[in-house]
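Examining the three-dimensional arrangement
If you want the building blocks of each chain, they are given just below.
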Amino acid sequence: MLKWFKRCADAGHLPARSLYGRVLLHRGVSAKDKSTGARYVLQAAREGDPNAQYQAGRIYELGCNQYQPNLHHAVTWYARAGDNGHSLAADRLATAYQLGELGLPCDPSRAEEWSELAVDLASQQPRLEATPAAPAVP
């Protein structure tokens, strides 16, 4: 299956590039796999995929193989992802402004703006319906 994702990603299919990159980044066995995954994620992020933009923020916040931590890049990618509808990215920026992380100043008003956006985006996420329980057999 990963072979097909790779073919689609290499052909320029954005969702495949984003997903394949994230799989390699997080589940790759070798450092080469993880580096390749990071490269696919960053390509998808530049092309506008919000999930990849969030992961790009994580890559630059924490560092990954050949990508050294860069807080300026991390904030930029989190902001792009949040602006494109990624609730976790908006939540991360809310926390960063609240606690003065990622090289950002403590700014309660900006923290509140990002927090409100995160809550709004999370409420718009589709929820999985619970499967009804089977009736009890007497």
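Parameters at a glance
Numbers given to residues run from 1 along each chain, matching the order in which its sequence is written. Residues qualify for local features only when their pLDDT is at least 70, as the model is predicted, and side-chain atom pairs are given and counted only at 80 or more; totals for whole chains, interfaces and linings, by contrast, use all residues. Water and hydrogen atoms were dropped before computing side-chain values, which therefore reflect all heavy atoms in the structure. Counting from the N terminus, the helices are the DSSP runs of H or I reaching at least four residues and the strands are the DSSP runs of E reaching at least two. Note on geometry: axes are C-alpha line fits, over the in-contact stretch for helices, and angles between N-to-C directions span 0 to 180 degrees. Angles are sorted into four bins: roughly parallel if under 35 degrees, roughly antiparallel if over 145, roughly perpendicular if 65 to 115, and oblique for all others. Note on convention: the crossing is left-handed when the near helix lies turned anticlockwise from the far helix by less than a right angle, right-handed when the turn is clockwise. Contacts are assigned to residue pairs that have any heavy atoms within 4.5 Å of one another. When residues are grouped by polarity, Ala, Val, Leu, Ile, Met, Phe, Trp, Tyr, Cys and Pro land in nonpolar, Asp, Glu, Lys and Arg in charged, and all others, Gly among them, in polar. To estimate the expected span of a helix, subtract one from its residue number and multiply by 1.5 Å. Note on classification: 1.4 Å probe, protein chains only; a residue is buried when its accessible area is under 20% of the maximum for its type, exposed when over 50%, partly exposed between these limits. The directions from the helix axis to the C-beta atoms are what the arc is built from. Every residue carries a pLDDT, the predictor's confidence in it, which falls somewhere between 0 and 100.

Let us now look at unusual backbone geometry. Of note in the backbone geometry, Leu102 takes a positive phi value of approximately 60° without being a glycine. With respect to the secondary-structure elements, Leu102 resides in the loop between helix H6 (87-99) and helix H7 (108-124).

Another point: the packing of helix H5 (residues 71-83) against H6. At a minimum axis separation of 7 Å, H5 and H6 run at an interaxial angle of 130°. Judged by the angle between their axes, H5 and H6 are oblique. Judged by the sense of rotation from one axis to the other, the crossing of H5 with H6 is left-handed. Of H6, the residues touching H5 (which contributes Val75, Tyr78, Ala79, Ala81 and Gly82) are Ala89, Ala90, Arg92 and Leu93. Along the lines of polarity and charge, the residues of the contact of H5 with H6 split into seven nonpolar, one polar and one charged.

Our next topic: H7. Residue pairs three or four apart in sequence face the same way in an α-helix, which turns once every 3.6 residues. Across its 17 residues, H7 extends 24 Å between first and last C-alpha, which sits within 8% of the 24 Å expected from 1.5 Å per residue. Taken together, the buried positions of H7 are Ala111, Trp114, Ala118 and Leu121. For H7, the buried positions fall inside an angular range of 100° around the axis, keeping them on one side. Of the exposed residues in H7, the ones pointing more than 90 degrees away from its buried face are Pro108, Val119 and Gln124. Close packing links the buried residues of H7 with H5 and H6.

Glancing now at the confidence of the model for the protein. On average, residues of the protein carry a pLDDT of 88, and 91% of them reach 70 or more. The element-level mean pLDDT for the protein is lowest in helix H1 (residues 2-10), coming to 82, with H5 highest at 98. Confidence drops under pLDDT 50 across residues 128-138; counting only partners more than four residues distant or on other chains, this segment forms zero contacts.

Turning our attention to the packing of helix H3 (residues 31-46) against helix H4 (residues 50-62). For the pair H3 and H4, interaxial distance at closest approach is 8 Å and the crossing angle is 125°. Considering their axes alone, H3 and H4 lie oblique with respect to each other. Between H3 and H4 lies a crossing whose hand is left-handed. Here Ala38, Val41, Leu42, Ala44 and Ala45 of H3 lie close against H4, whose contacting residues are Ala52, Gln53, Gln55, Ala56, Ile59 and Tyr60. Each residue belonging to the contact of H3 with H4 can be placed in one class, and the counts come to nine nonpolar, two polar and no charged.

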